[in-house]
There are 4 protein chains.
Amino acid sequence: MRNNSFGDNFTITTWGESHGKALGVVIDGVPAGLNLTEDDIQSFLDRRRPGKSKYSTPRNEGDKAIILSGTFDDTTTGCPVSVMIENENQKSRDYSNIANVYRPGHADFTYEEKFGTRDYRGGGRSSGRETASRVIGGAVASKILNELGIEINCYTKSIGKYAITDSKDIHLDEMDNPLNMPNDMVAVQAMDYIDECMKNNDSVGGVVECVIRNTPVGVGEPAFNKLDANLAKAMLSIGAVKGFEMGDGFGVARARGSDNNDEMSYDRGVLFHSNHSGGVLGGISTGQDIVFRVAIKPTPSIGRTQHTIDTYNDEIDINITGRHDPVIVPRAVVVVESMAAITLLDLLMDNMTSRMDYLKKIYNGS
Amino acid sequence: MRNNSFGDNFTITTWGESHGKALGVVIDGVPAGLNLTEDDIQSFLDRRRPGKSKYSTPRNEGDKAIILSGTFDDTTTGCPVSVMIENENQKSRDYSNIANVYRPGHADFTYEEKFGTRDYRGGGRSSGRETASRVIGGAVASKILNELGIEINCYTKSIGKYAITDSKDIHLDEMDNPLNMPNDMVAVQAMDYIDECMKNNDSVGGVVECVIRNTPVGVGEPAFNKLDANLAKAMLSIGAVKGFEMGDGFGVARARGSDNNDEMSYDRGVLFHSNHSGGVLGGISTGQDIVFRVAIKPTPSIGRTQHTIDTYNDEIDINITGRHDPVIVPRAVVVVESMAAITLLDLLMDNMTSRMDYLKKIYNGS
Amino acid sequence: MRNNSFGDNFTITTWGESHGKALGVVIDGVPAGLNLTEDDIQSFLDRRRPGKSKYSTPRNEGDKAIILSGTFDDTTTGCPVSVMIENENQKSRDYSNIANVYRPGHADFTYEEKFGTRDYRGGGRSSGRETASRVIGGAVASKILNELGIEINCYTKSIGKYAITDSKDIHLDEMDNPLNMPNDMVAVQAMDYIDECMKNNDSVGGVVECVIRNTPVGVGEPAFNKLDANLAKAMLSIGAVKGFEMGDGFGVARARGSDNNDEMSYDRGVLFHSNHSGGVLGGISTGQDIVFRVAIKPTPSIGRTQHTIDTYNDEIDINITGRHDPVIVPRAVVVVESMAAITLLDLLMDNMTSRMDYLKKIYNGS
Amino acid sequence: MRNNSFGDNFTITTWGESHGKALGVVIDGVPAGLNLTEDDIQSFLDRRRPGKSKYSTPRNEGDKAIILSGTFDDTTTGCPVSVMIENENQKSRDYSNIANVYRPGHADFTYEEKFGTRDYRGGGRSSGRETASRVIGGAVASKILNELGIEINCYTKSIGKYAITDSKDIHLDEMDNPLNMPNDMVAVQAMDYIDECMKNNDSVGGVVECVIRNTPVGVGEPAFNKLDANLAKAMLSIGAVKGFEMGDGFGVARARGSDNNDEMSYDRGVLFHSNHSGGVLGGISTGQDIVFRVAIKPTPSIGRTQHTIDTYNDEIDINITGRHDPVIVPRAVVVVESMAAITLLDLLMDNMTSRMDYLKKIYNGS
């Protein structure tokens, strides 16, 4: 199956392994007439880059995006935009210590069983490195959304128990810390917590929140391609994500209808008195902010001794050496933002055929 | 877009509005040679039927499934299985009180804005009644999975704050209560709580949990069609669902890697010491139980006075009269189970082309 | 796979066997705001109906279309339009003579081998009766195209060697003959030929031509969803079609470039001096008439003695009794027209996201 | 839309323009465990390479295929296989003479109108060079088919009026001529004809035939994904193809049922007395040879003076200078073969879920 593609109208097809020659993405369905340069893409990729703080691997991936097709004179032509990143660190390291081991919390065992073979170099395609391709797609989708006036903000909401609990405490101008956490005070506490975990050769999880502003009313389809359904798939398709919630999310399980319904009024425009729904009713955008959160698990690669088996079914104890991010959350922020942009744009395009008057607007010149 | 279809290999296409002539589903991709009768489907539909307790609408929907195509001598032929339910209650009720009103928590406003028109009778296609079509598809998918030895159990885990918190307290033989909650003691508490809410013309939410046993290792695809990603989409595509979590779910945000990784050993088979992952690593089934939960919001239709606007943008106060379920959760159980079955079967089929030796097994007779 | 669906944006999903309870179609992606009644559909279906002349089976199928969902007050709502035809002639005839026989030229053998089972009543799903569902979809697609000013004409171009060879001899006002052949003189010759074949218990083939006027420039996608590629698939998916050609078609194999290129000039609009291309260049509509032809084989059911085998691999001679159309071509005309309408509309919708300024036209109100 | 992808299970996504930095393909759905090297791909690409005779452009494209992902130790891993060809001849030539001109028979006009912009360097994505990506996909598909015992032969059947009319005159051991025409005598006549056309600055068309042996019975789906329907789409999606016919093709229009039906008998296996159907009944393979033909138009780029317009709607006369192949047919042979292989493999995979016993064969180990 076309498993490595996402989106029906604006479609990314990603390829590449952690330690192969290169990785990349083919972006199909990019409308013609968009100004697009490698810099547009690079600025997104740089937000994902490791090596920016002590909480991410010092390995300098570089990650230089090269546009191979689909633009002419820095303008998209309507043809597929192919973008590649050459892997710099593909020299033949010695993988003998992990080649035959199933690391706990990793996909080593499931890949081997599914395919009967496995590219064990750095996790192969199950590596978080695969998300670089998604971020390239997200950079293009975001640029298109921006031209339509739509804006996406993603940030770290919590690390372990250290959370920004009140939305009033979200200060987007305080995001420039190693955690991409928009509250300097909570960020400091969270960093202390990470430091402590690092001393114990352990790792931590957290929550990323995403807010999308200025989405027109009407985006999302009634039955299966609900805006929240497609966002949920997009998010759970990111390796370390284990949960998704829209608006009040799991909080609704304890709410009553009288708390949870968003009442409406009108004052030079439709007004909602609250946004428990997270900007989606019946799978369709209400025009309010679209709000969702994802739960991200602790990095599975840890230095502590773990019990596991090898490919010969022998039991062993392993310590995963080498430097690994003690926390995935900060680098996942731009991945969540990218997948959100792709999902939203894809459904915006779907919506363009929802009404006869839209067809007439395009084809009858009225 | 093919929005009303779900699944790439085993595909349901649903149609029908709450108060139209009929509703139904076309199930494409049913393998030939499956014994299938209307009784197989009816037994699933009956689990969804309202009117079974004081917590569901007394309206007797009947919901008699008729197989229109795709079987011959009670055996599937490989052609699409079309199943229809005729609506009995479609007599022209007076809808004038809701025809022009946007009910809070409902999709009235978003449908009207998206399509420029709306079938306001009983919510039209945004009604929970649409899920009957999914349950028909789920009945067929479940029957196929059962023939492969796979078993799915779904149940109410919590209503408001009344929850079965320890998996040891799940007693599947105690599920025969109006809440489909597998613990009689908690169920009694939850029913008292619902009774109290009903007195206040209010509604409540809850959580449904699903456990799938005996899934082979290797089901789910690496990148976008991860087993958990497709389950997340399937679940959020159900109208009232606001959250999804796999295994430990949002709990991982507070966990450490050393807690969260599932260690392995071997004793006449691969063993995991825990199941924090919920049976999925890298999007692929591990062979452990697949475990996930969904959060379901309180019924939006409540008798209490709510403020809203009408289609002329005038503000009004409404009380939604008529009987409505004070809680959606118990009836959602079989819908969650159905969508899980369809999702899993679809990916089981995908996996059949993942290895050269599978192709040879089918085509070279070896 | 979703084999019983056609179209990515405007999608028909067909179901039903020749002698099952009913057959029908779910049409997904119908834009909201289209006026649509059962009469719109019935008028298309009536063009396909048998029993209108001595060249079609006297069986009166009736074929009364019932709209089950997707419209409200005779206007489409954007939800799937489900249409059903109940089979009147499903009484348990005696099929023992064909139940175990592989009729030459029919799909009996291939269905049995593929699925291990077969609905042998009247050919099951391989029956030409399946095309009724397509015609319903075509009626809806055509109505939408008409609102955009696009017009489709299909007709019988040849029966056996009796052909309308010059396009000047196409007289659309002379189509009201049993062959749907727009030239009374050729039609008379062709009917004489059919009469002679009928006397010999034999059947004949022919060619259907289709001309589409007023398609905007730009419909069709560059690589795989070329307008001609999608038309070719649409046509070959009709049971009896064995060939497809666009514009000059197979004639190009003997042409030279200087003959085959269509030169251009300008006079208050772009002008082409000829239309060898059939209105498509690089898979994209040129704005000229879209012209293609399909070859339709002789009815495989003939009264003459034929040698074949049964399901036990025993050789036998059979005579197919009962009345069968001696020629499929006239009834195929509306099927070709329907599939052409669906294909064209589907690509018209695709094209709506091809340019940034189209997105802005819909979403920025400009 | 995902226009640049073909195939549902085995999917190629092609990208790249004639004179961009590179072009390539992502092949998704390659089963794990296939031995695959760059040599496997190169041998296919070399068959398409220009510069091999005086009938193809002397430009040495090189076309060195580089596998960027999806294999490990020369074995496929089940992850997407990305293959790239770097363009060597992308130096900034002077295109001013064609940048603003709509060449007759080319897609210049339609691209410009559709997208509002155009990469005019060498035709951009509408160039025949795009087919190199398809040939890469075809090399992989063919290798898989070969492992299942299936064999594909494609060849030039006619150039202009010089045709191999009798299948007995097909000598596959005589194909090593510049025309890939398996009959030396006809090939010599055809070459004389081409020489004469070249002197007149003109070009010629022809027909390619394809024969596939050893396909199992049962491949192809009943309704829309008929084997012949998908082949038709695959073929018409190749730029210069204007017609497709299966088996007797357009010949059936003049045949009678008694000629056209293939009678059957049995002798240690099912036997057909003839193959008018081309190996497909009801869209499903019969086990006989699959036979089809495509019509290919004369190269549109010719040196003769042609009348056309430019992008300012001014009329001009042009002579297309530079060397162009006087005939596309010989180089199209491997493209037809490649698209046939991809189409067939895709449907072989679809067929793997058509029967309950196939599912049990994979999942129950029986």
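Residues numbered from 1 in each chain as written. Chains lettered and ligands numbered in written order. Predicted model: local features only at pLDDT ≥ 70, side-chain atom pairs only at ≥ 80, totals over all residues. Heavy atoms only, no water.

Regarding the overall build of chain A
Line of reasoning, step 1. Helix and strand counts for chain A come out as 9 helices and 18 strands.
Line of reasoning, step 2. The C-alpha atoms of chain A give a radius of gyration of 22 Å, which matches the 21 Å a tight globule of 366 residues would have.
Line of reasoning, step 3. Over its C-alpha atoms, taken along the principal directions, chain A stretches across nearly 70 × 50 × 35 Å.
Line of reasoning, step 4. Going through the 366 residues of chain A one by one, you find that 67% of them count as buried.
Line of reasoning, step 5. Across chain A, every contact between residues at least 6 apart in sequence was considered, and the portion connecting residues at least 24 apart equals 69%. (Helix = DSSP H or I, 4+ residues; strand = E, 2+ residues; numbered from the N terminus. Rg over C-alpha atoms; globule rule 2.2 N^0.38 Å. Buried < 20%, exposed > 50% of the residue type's maximum accessible area, 1.4 Å probe, protein only. Contact = heavy atoms within 4.5 Å.)

Regarding the packing of helix H6 (residues 227-236) of chain D against helix H8 (residues 329-350) of chain D
Residue and element names in this part refer to chain D.
Line of reasoning, step 1. At a closest axis distance of 9 Å, the pairing of H6 and H8 adopts a crossing angle of 145°. Crossing hand, H6 versus H8: right-handed. Facing H6, whose interface residues are Leu227, Asn230, Leu231, Ala234 and Met235, H8 presents Val336, Met339, Ala340, Thr343, Leu344 and Leu347. (Axes fitted to C-alpha atoms, helices over the stretch in contact; angles between N-to-C directions. Left-handed = near helix turned anticlockwise from the far one by under 90°.)

Observations concerning the interface of chain D and chain C
Line of reasoning, step 1. With 109 residues of chain D at the contact, the number on the chain C side is 108 residues.
Line of reasoning, step 2. Together, the buried faces of chain D and chain C total about 8,600 Å²; carbon and sulfur atoms form 60% of this surface.
Line of reasoning, step 3. Summed over the three residues of chain D that lose the most area to chain C, namely Lys114, Phe224 and Lys242 of chain D, the buried surface amounts to 11% of that side.
Line of reasoning, step 4. Summed over the shared surface of chain D and chain C, the number is 4 salt bridges.
Line of reasoning, step 5. Between lysine 114 of chain C and glutamate 221 of chain D there is a salt bridge whose closest N-O contact spans 3.0 Å.
Line of reasoning, step 6. Taken together, the connections running from chain D to chain C amount to 53 residue pairs in polar contact (both at pLDDT 80 or more).
Line of reasoning, step 7. Where strand S11 (residues 241-246) of chain C meets strand S11 (residues 241-246) of chain D, 3 bridges bridge the pair, whose relative direction is antiparallel. Its bridge partner lying in S11 of chain D, glutamate 245 of chain C is registered against glycine 243 of chain D. (Buried area = accessible area lost by both parts, 1.4 Å probe. Salt bridge = Lys/Arg side-chain N within 4 Å of Asp/Glu carboxyl O. Polar contact = N/O pair within 3.5 Å; in protein donor to acceptor, adjacent residues only side chain to side chain. Pairing = 2+ DSSP bridges.)

A short note on the sheet that holds strand S4 (residues 65-67) of chain A
Residues and elements named next belong to chain A.
Line of reasoning, step 1. Taken together, 5 strands build an open sheet; the order of strands is S1-S2-S3-S7-S4 and the sheet is antiparallel. Two strands close off the open sheet at either side, each with one partner strand: strand S1 (5-6) and S4.
Line of reasoning, step 2. Two strands pair when backbone bridges link them, and S4 and strand S7 (residues 81-86) are joined in this way by 3 bridges, in the antiparallel orientation. If you follow isoleucine 66 over to S7, its bridge partner there is methionine 84.

Observations concerning the side chain of serine 203 of chain D
Line of reasoning, step 1. One can find serine 203 of chain D in the loop between helix H5 (184-199) and strand S10 (206-213).
Line of reasoning, step 2. Given the relative accessible area of 1%, serine 203 of chain D is considered buried.
Line of reasoning, step 3. Within the structure, serine 203 of chain D has its side chain in polar contact with the backbone oxygen of threonine 299 of chain D (distance 2.6 Å).
Line of reasoning, step 4. For serine 203 of chain D, the residues in contact, after removing those within four places along its chain, are Ala255, Arg256 and Gly257 of chain C together with Pro298, Thr299, Ile302 and Pro326 of chain D.

Regarding the relation of the copies chain A and chain C
Line of reasoning, step 1. Superposing chain A onto chain C takes a rotation of 180° combined with a translation of 0.0 Å along the rotation axis, leaving an RMSD of 0.0 Å. This pairing of chains is accounted for by a two-fold axis.
Line of reasoning, step 2. Counting the interface residues of chain A, we find that 100% of their copies in chain C are interface residues as well, pointing to one common contact surface. (Least-squares fit on C-alpha atoms with pLDDT ≥ 70 in both.)

Focus on the sheet that holds strand S7 (residues 81-86) of chain C
Residues and elements named next belong to chain C.
Line of reasoning, step 1. With respect to topology, 5 strands assemble into an open sheet ordered S1-S2-S3-S7-S4, the strand pairing being antiparallel. For this open sheet the edge positions go to strand S1 (5-6) and strand S4 (65-67), each flanked by a neighbour on one side alone.
Line of reasoning, step 2. In this structure, strand S3 (residues 22-28) lies alongside S7, joined through 6 bridges in antiparallel fashion. What sits directly across from valine 25, in S7, is valine 83.
Line of reasoning, step 3. The sheet contacts of helix H1 (residues 38-48) involve S4 and S7, and relative to S4 the element is tilted by about 155°.

Regarding empty space enclosed by the protein
Line of reasoning, step 1. Roughly 1,200 Å³ of internal volume is contained in the largest cavity.
Line of reasoning, step 2. Lining of the largest cavity is provided by 46 residues; of these, Arg2 and Asp8 of chain A, Arg2 of chain B, Arg2 of chain C together with Arg2 of chain D occupy positions nearest its centre.
Line of reasoning, step 3. Looking at side-chain class alone, the lining of the largest cavity contains 12 nonpolar, 18 polar and 16 charged residues. (1 Å grid on protein atoms, 1.4 Å probe; cavity = no way out; pocket = protein on both sides within 12 Å on 5 of 7 lines; lining within 4 Å. Points joined across faces, edges and corners; volume = space filled by probe spheres on them. Nonpolar A, V, L, I, M, F, W, Y, C, P; charged D, E, K, R; others polar.)

Observations concerning the interface of chain A and chain C
Line of reasoning, step 1. At the junction of the two partners, chain A supplies 26 residues and chain C supplies 26 residues.
Line of reasoning, step 2. For the chain A and chain C pair, buried surface summed over both sides reaches about 2,700 Å², with 70% attributable to carbon and sulfur atoms.
Line of reasoning, step 3. Counting the surface chain A buries against chain C, the share from its top three residues, Met352, Met356 and Tyr363 of chain A, is 28%.
Line of reasoning, step 4. Our count for the contact surface shared by chain A and chain C stands at 2 salt bridges.
Line of reasoning, step 5. Linking glutamate 147 of chain A and lysine 360 of chain C is a salt bridge whose minimum nitrogen-to-oxygen distance equals 2.9 Å.
Line of reasoning, step 6. Our count for the contact surface shared by chain A and chain C stands at 10 residue pairs in polar contact (both at pLDDT 80 or more).
Line of reasoning, step 7. Where the side of chain A that touches chain C is concerned, the elements lending two or more residues are helix H4 (131-147), helix H8 (329-350) and helix H9 (356-363) of chain A.
Line of reasoning, step 8. With 7 residues, the single largest contributor to the side of chain A that touches chain C is H9 of chain A.

Points about the packing of aromatic side chains
Line of reasoning, step 1. For the structure on display, the rule yields 30 aromatic pairs over all chains.
Line of reasoning, step 2. Ring geometry for tyrosine 102 of chain A and phenylalanine 109 of chain A: centres 5.4 Å apart, planes at 70°, overall edge-to-face.
Line of reasoning, step 3. Given a relative accessible area of 4%, phenylalanine 109 of chain A falls into the buried group.
Line of reasoning, step 4. Here a set of aromatic residues connected by ring pairs shows up, and it is made of Tyr102 and Phe109 of chain A together with Phe272 of chain B.
Line of reasoning, step 5. Here the basic side chain of lysine 114 of chain C rests over the ring of phenylalanine 115 of chain C, its NZ or CZ set 5.7 Å away from the ring centre. (Phe/Tyr/Trp six-rings, centres within 6.5 Å; stacked < 30°, edge-to-face > 60°. Lys NZ or Arg CZ within 6 Å of the ring centre and 35° of its normal.)

Comments concerning the confidence of the model for chain A
Line of reasoning, step 1. Here chain A averages 93 in pLDDT, while 95% of its residues score no lower than 70.
Line of reasoning, step 2. Quick note on the complex model: pTM equals 0.97, ipTM equals 0.97. (pLDDT = per-residue confidence, 0-100.)

Some details on the nonpolar core
Line of reasoning, step 1. Of all hydrophobic cores here, the largest spans 368 residues; its most connected members are Phe10 and Met235 of chain A, Phe10 of chain B, Phe10 and Met235 of chain C together with Phe10 and Met235 of chain D.
Line of reasoning, step 2. Residues within four places of phenylalanine 10 of chain C in sequence aside, it is in contact with Ile27, Asp28, Gly29, Val30, Gly137, Val140, Ala141, Ile144, Ile342, Leu345, Asp346 and Met349 of chain C.
Line of reasoning, step 3. One finds Val26 of chain A together with Trp15, Leu68 and Met84 of chain D within the second-largest nonpolar core, a separate group that totals 11 residues. (Core = buried A, V, L, I, M, F, W, Y, C linked by side-chain atoms within 4.5 Å.)

With respect to the pairing of strand S18 (residues 315-318) of chain B
All names here are of chain B.
Line of reasoning, step 1. Pairing of strand S17 (residues 306-309) with S18 involves 4 bridges; the strand directions are antiparallel. If you follow threonine 308 over to S18, its bridge partner there is isoleucine 316.
Line of reasoning, step 2. Linking S17 to S18, which pair antiparallel, is a turn of 5 residues; within it asparagine 313 sits at a positive phi near 65°.

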